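# A closer look at the structure
Okay, here's what each chain looks like letter by letter:
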Amino acid sequence: MALPLVVGVDGSEPSLHAVDWAVDEAVRHGVPLRIVHASLWERYEGAALEDTPGAVTDVVTEHDLAESVVALADQRARQRAPELEISTGLLPEDPVSALLREAGLACAVVTGVRGRGPIRDLLLGSVGLSLAARAPCPVAVVRGRAENRQSANGRIVLGVGEATAAAAVRYAFREAAVRKCEIEAVRAWRRPAHRTAPHPLLAGEPAHAEEEHASELLDKAMESVAEEYSGVTVHRALVEGSARHALVARSAAADLLVIGAHRRHGHLGPQLGLVGHTVLHHSECPVAVVPRRE
């Protein structure tokens, strides 16, 4: 049985955009879709009702609203793809814990970029970052303009760093194959600030060496996967300067930006690196963060 694609919803417009994107993605890959809404309504509201004798039961409760969020997303998904196998889940727990647990049995997890109101913006941003830093499967954060979300550009941007794992490269090629689009593989490099040339005529050599090294890393990262997906057109881009700025700039003309999950452990647990944080906050197209093991 194929693992489902899981999408988290909260009733906001961005989460409904995430549902649309997840439906299209599930159809492309021929996998079921699971729509999940997580809330702590049961812990607080249920206890309050139990402690209130004669409580009015026909009042609209948070649980009722949660059910309507899931029902709306389910209806939207079925209208978009009537043939798609869809299941739903209403989970009485915090969103991070719920979606991380769902991620253990999913091919990928999808979220919107923000929720309803300034406080929910912060909370759902935190959820997205937590998932990207900790989920065992790829995490897609759906953001950007309609044309970027709807695959109108025919291009996937793949960020290739020093330690980009094969899983991220394979994910990008698989997406390009099913979407029938091309890949722009981007590798950034910098001039060595700590070196000085012994003679003005040799001033370009250190930079040239760094660019060549970046080119070799780019080729090595893609060679085995590119052979497997020989029908996918790949454009190589060596960019001098900041990787995060280069990826954000190229996201404007992309349908998907794919990066590896370069995770590090801080005092708050697993965290993404600077490139991951930057593209998740500023990319102009959906972003997929792929861990080392899918």
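This report concerns the structure included in the present document.

Reading the values: the criteria
Residues numbered from 1 in each chain as written. Predicted model: local features only at pLDDT ≥ 70, side-chain atom pairs only at ≥ 80, totals over all residues. Heavy atoms only, no water. Axes fitted to C-alpha atoms, helices over the stretch in contact; angles between N-to-C directions. Helix = DSSP H or I, 4+ residues; strand = E, 2+ residues; numbered from the N terminus. Parallel < 35°, antiparallel > 145°, perpendicular 65-115°, else oblique. Left-handed = near helix turned anticlockwise from the far one by under 90°. Contact = heavy atoms within 4.5 Å. Nonpolar A, V, L, I, M, F, W, Y, C, P; charged D, E, K, R; others polar. Expected span 1.5 Å × (residues − 1). Buried < 20%, exposed > 50% of the residue type's maximum accessible area, 1.4 Å probe, protein only. Pairing = 2+ DSSP bridges. Right-handed = clockwise from strand over helix to strand, strands pointing away. Salt bridge = Lys/Arg side-chain N within 4 Å of Asp/Glu carboxyl O. Core = buried A, V, L, I, M, F, W, Y, C linked by side-chain atoms within 4.5 Å.

### Considerations on the packing of helix α1 (residues 13–29) against helix α3 (residues 62–80)
For the pair α1 and α3, interaxial distance at closest approach is 10 Å and the crossing angle is 40 degrees. Viewed along their axes, α1 and α3 adopt a mutual orientation that is oblique. Crossing of α1 over α3 shows right-handed handedness. Contact residues: L16, V19, D20, V23 and D24 in α1; L72, A73, R76, A77 and R80 in α3. Considered class by class, the residues forming the contact of α1 with α3 number six nonpolar, no polar and four charged.

### A look at α1
The terminal C-alpha atoms of α1 lie 25 Å apart, and with 17 residues this matches the ideal 24 Å at 1.5 Å per residue to within 8%. Most of α1 sits inside the fold, with 12 of its 17 residues counted as buried. Within α1, the full set of buried residues consists of P14, S15, L16, H17, A18, V19, D20, W21, A22, V23, E25 and A26. Phi for G30, located one or two positions after α1, is positive at around 65 degrees.

### What about the pairing of strand β4 (residues 108–112)?
Where burial is concerned, most of β4 is hidden: five out of the five residues are buried. As defined by bridge partners, strand β1 (residues 5–8) adjoins β4 across three bridges and the pair is classed as parallel. Bridge pairing in β4 places V7 opposite V110. As judged from the four bridges shared by β4 and strand β5 (residues 139–142), these two strands associate in the parallel manner. Pairing of G112 across the sheet is with V142, part of β5.

### Observations concerning unusual backbone geometry
Positive phi outside glycine occurs at S151, with the angle close to 60 degrees. Mapping S151 onto the fold places it in the loop between α6 (146–149) and β6 (155–159). Positive phi values are uncommon outside glycine, yet K180 reaches one of about 60 degrees. Locating K180 in the fold gives a position in the loop between α7 (166–179) and β7 (182–189).

### What about the sheet that holds strand β2 (residues 33–38)?
On the basis of which strands lie adjacent, the open sheet formed by 10 strands has the order β3-β2-β1-β4-β5-β12-β9-β6-β7-β8 and mixed pairing. Looking along the sheet, the strands with just one partner apiece sit at the ends: β3 (86–91) and β8 (234–240). The mean inter-strand angle of the sheet, taken between neighbouring strand axes irrespective of direction, is 20 degrees. Set on the sheet, helix α9 (residues 243–251) makes contact with β6, β7, β8 and β9 (256–260); between it and β7 the angle comes to about 155 degrees.

### What about the pairing of β7?
Among the eight residues that make up β7, seven are buried, leaving the element largely enclosed by the rest of the structure. One crossover worth recording links β6 to the parallel β7 by way of α7, and it is right-handed. Alignment of β7 against β8, held across seven bridges, turns out to be parallel. Paired with R187 across the two strands is L238, which belongs to β8.

### Brief notes about the pattern of salt bridges
Using the criterion set out here, one finds 15 salt bridges in the structure. Taking the shortest distance from any N to any O, the salt bridge between R28 and E25 comes out at 2.7 Å. Remark: E25 and R28 occur in helix α1; sequence separation between them is three residues, near one turn of the helix. Residue R28 is classed as partly exposed on the basis of its relative accessible area, which comes to 26%. One salt-bridge network, held together by shared partners, links D20, D24, R76 and R80.

### Digging into the nonpolar core
V7, L33, V110, I183 and V258 are the most contacted members of the largest nonpolar core, which has 44 residues in total. Sorting elements by how many residues they give to this core places α7 first, with seven residues. Beyond its immediate stretch of four places on either side in the chain, V110 contacts L5, V6, V7, G8, A18, W21, A22, A140 and V142. L99, A133, A254 and A261 belong to the second largest nonpolar core, which has 37 residues in total.

### A word on the environment of G30
Positionally, G30 belongs in the loop between α1 and β2. Under the relative-accessibility criterion, G30 is labelled exposed at 56%. A sequence separation of 55 residues divides G30 from E85, and the C-alpha atoms of the two residues are 9.3 Å apart.

### Digging into the packing of α9 against helix α10 (residues 274–282)
The geometry of α9 relative to α10 is characterised by a closest axis approach of 9 Å and an angle of 25 degrees between their N-to-C directions. By the angle class used here, α9 and α10 are roughly parallel. For the pair α9 and α10, the sense of crossing is right-handed. Contacts between α9 and α10 pair A243, R244, L247 and V248 from the former with L274, V275, T278, V279 and H282 from the latter. Among the residues making up the contact of α9 with α10, the classes are represented as six nonpolar, two polar and one charged.

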